[in-house]
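# A look at the structure
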Amino acid sequence: MIDQPPVSPRGPATLISVVVPLYNEEENLDDLYGRLTTTLSATGQPYEIVLVDDGARDATPMLIDRLSNRDPRIIALHLSRNFGHQPAVSAGLDHARGDIIVVIDGDLQDPPELIPSLIEKWRQGFEVVYAVRRRREEAWPKRLGYFVFYRLLNAISDMEIPLDSGDFCLMDRKVVTVLNHLPERMRFIRGLRSFVGFRQIGLEYDRPPRGAGSPKYTFRRLLGLAIDGLISFSGRPLRLATYLGMAAVGVASALLIWIFHDAFAYGKSPAGWASTAVIVLFMGSVQLLSLGIIGEYIRLIFLEVKGRPTYIVRDDPPGAQVDPTRERDHP
Ligand code: UDP
Ligand code: MG
């Protein structure tokens with residue numbers, strides 16, 4: 001099990017960072033800022049909020065700049081285009097300076113009021129505290145999709161990823177440093193967070209519906225994220241292709257024996273095109289499926305080998321945006 005008992009309690013954190021990925025969240029930003037600052041001020045600790053503008057097309061970038069001009073604890077980070085949720089979180093993690101780092105969605109589905117409870121667990125000695133959704137107030141097809149995905153991921157992945165945990169979490173500086181140095185470009189953060197280990201614990205909460213606006217993930221993007229997650233954390237689908245091939249060989253051999261037996265014992269040849277059509281279709285689908293699975297892995301290898309940066313920050317000094325990961329590895 002991932003949850004382990006803590007070793008020794010800690011004193012207060014010196015700096016709390018909160019990372020928020022934002023894509024077209026103009027309706028939620030003021031509310032989010034208000035709730036975050038109220039909660040964080042109440043902790044009595046210094047804090048910073050890293051607002052990552054993931055190439056938003058509405059007033060989000062302007063609102064972020066306005067907040068950061070007004071409040072020095074706000075760090076505005078503008079990506080050069082829309083890179084996606086996971087790259088936006090990675091950008092925030094790279095730029096956060098806190099001793100503890102909280103990752104939270106910008107649509108108020110992750111209640112900021114839970115942060116003190118996350119910090120409390122950290123004080124007890126845990127290095128990763130992830131929020132676990134007890135109940136989701138979303139349409140049932142989406143809930144069913146999530147349910148199936150997390151179970152499938154756990155069934156086939158090579159390690160244990162906590163069920164129903166999203167990106168909402170608190171991480172110790174140690175953990176974030178390790179995460180930031182992982183060389184992978186394809187960042188499935190909740191998977192990588194499990195991969196790195198450390199003392200982890202889940203904290204249950206009810207996930208409310210989105211504050212305002214529409215979900216930024218379309219069905220296609222969610223499906224894409226799910227497939228990438230499955231592929232990058234398990235080699236087992238490749239095995240499936242092998243097993244399918246072996247099963248097909250078994251079926252074909254049985255048919256062959258049956259046909260030869262009929263031909264030699266009774267002088268009969270099998271009749272009908274239906275059996276032929278079924279065999280051709282079956283073989284075709286097994287081959288396409290296997291090719292598809294192999295293709296998914298090649299796609300990820302292709303993406304990693306190209307070595308393009310996970311995200312590009314518009315205001316970084318010249319040169320820094322070329323390859324943030326390599327910059328860090330070879331300073
Ligand atoms: N988001 C982002 N870039 C994207 C899509 C989403 O930064 O390309 C942000 C979005 O603004 C929100 C968070 O990621 O703060 C989660 O997005 P969403 O609510 O659409 O996802 P869901 O809750 O449906 O998983
Ligand atoms: Mg959401």
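All of the points below concern the structure found in this document. (Residues numbered from 1 in each chain as written. Chains lettered and ligands numbered in written order. Predicted model: local features only at pLDDT ≥ 70, side-chain atom pairs only at ≥ 80, totals over all residues. Heavy atoms only, no water.)

### Concerning helix 2 (residues 60-70)
As a reminder, the rule being used: Note on exposure labels: buried denotes an accessible area under 20% of the residue type's maximum, exposed denotes more than 50%, and partly exposed covers the range between, all computed with a 1.4 Å probe on protein chains only. Counting from the N terminus, the helices are the DSSP runs of H or I reaching at least four residues and the strands are the DSSP runs of E reaching at least two. Comment: arc refers to directions from the helix axis out to C-beta atoms. Two residues qualify as a contact provided that any one of their heavy atoms is within 4.5 Å of a heavy atom in the partner residue.
For helix 2, the full list of buried residues reads Thr60, Pro61, Leu63, Ile64, Leu67 and Ser68. End-on, the buried residues of helix 2 take up no more than an arc of 165°, which puts them together on one face. In helix 2, the exposed residues that point more than 90 degrees away from the buried face are Asn69 and Arg70. In this structure, the buried side of helix 2 is in contact with strand 1 (16-22), helix 1 (26-42), strand 2 (47-53) and strand 3 (74-78).

### Details of the coordination of the magnesium ion (ligand 2)
As a reminder of what qualifies: Sites may look incomplete because water is not among the atoms; the donors themselves are N, O and S atoms within 2.8 Å of the metal, or within 3.2 Å for Na, K and Ca.
At this site the magnesium ion (ligand 2) is bound by Asp107 (OD) and Gln109 (OE1), with donor distances of 1.9 to 2.0 Å. There is no split in this pair, since Asp107 and Gln109 are both buried.

### So, the pairing of strand 4 (residues 100-103)
Every other side chain in a regular strand lies on the same face of the sheet, so the side chains alternate between the two faces. In plain terms, the rule: Only strands that DSSP links by at least two bridges are regarded as paired with each other.
What you see with strand 4 is no split at all: Ile100 and Val102 on one side and Ile101 and Val103 on the other are buried throughout. Two strands pair when backbone bridges link them, and strand 1 and strand 4 are joined in this way by four bridges, in the parallel orientation. Across the sheet, Ser17 pairs through a bridge with Ile101, a residue of strand 4. Where strand 4 meets strand 6 (residues 165-172), four bridges bridge the pair, whose relative direction is antiparallel. Each bridged residue has a counterpart across the sheet, and for Ile100 the counterpart in strand 6 is Asp172.

### Brief notes about the environment of Asp99
Our working rule: Pairs of N or O atoms are called polar contacts if they sit within 3.5 Å, as long as, within protein, a hydrogen donor faces a hydrogen acceptor (for residues adjacent in sequence, only side-chain-to-side-chain pairs).
Structurally, Asp99 is set in the loop between helix 3 (85-95) and strand 4. Remark: the alpha-carbon pair of Asp99 and Asp172, spanning 73 residues in sequence, is separated by 6.2 Å. A polar contact is formed between the side chain of Asp99 and the backbone nitrogen of Leu15, at a distance of 2.7 Å.

### Description of the packing of helix 5 (residues 140-156) against helix 8 (residues 219-232)
The condition is simple: Note on definitions: angles span 0 to 180 degrees between N-to-C directions of axes, and those axes are lines fitted to C-alpha atoms, for helices only across the stretch in contact. With respect to orientation, any angle under 35 degrees is reported as roughly parallel, any angle over 145 as roughly antiparallel, any angle of 65 to 115 as roughly perpendicular, and every other angle as oblique. Three categories are distinguished: nonpolar for Ala, Val, Leu, Ile, Met, Phe, Trp, Tyr, Cys and Pro, charged for Asp, Glu, Lys and Arg, and polar for the others, with Gly belonging to the last.
As a packed pair, helix 5 and helix 8 sit with axes 10 Å apart at the nearest point and diverge in direction by 10°. The angle between helix 5 and helix 8 falls in the class roughly parallel. Only Leu222, Ala226, Gly229 and Leu230 of helix 8 make contact with helix 5, whose side of the interface consists of Lys142, Tyr146, Phe149, Leu152, Leu153 and Ile156. Each residue belonging to the contact of helix 5 with helix 8 can be placed in one class, and the counts come to eight nonpolar, one polar and one charged.

### Some words on the environment of Arg73
Counting through the fold element by element, Arg73 comes out in the loop between helix 2 and strand 3. With relative accessibility at 37%, the residue Arg73 sits in the partly exposed group. Sequence separation between Arg73 and Thr37 is 36 residues; the distance between their C-alpha atoms is 9.6 Å.

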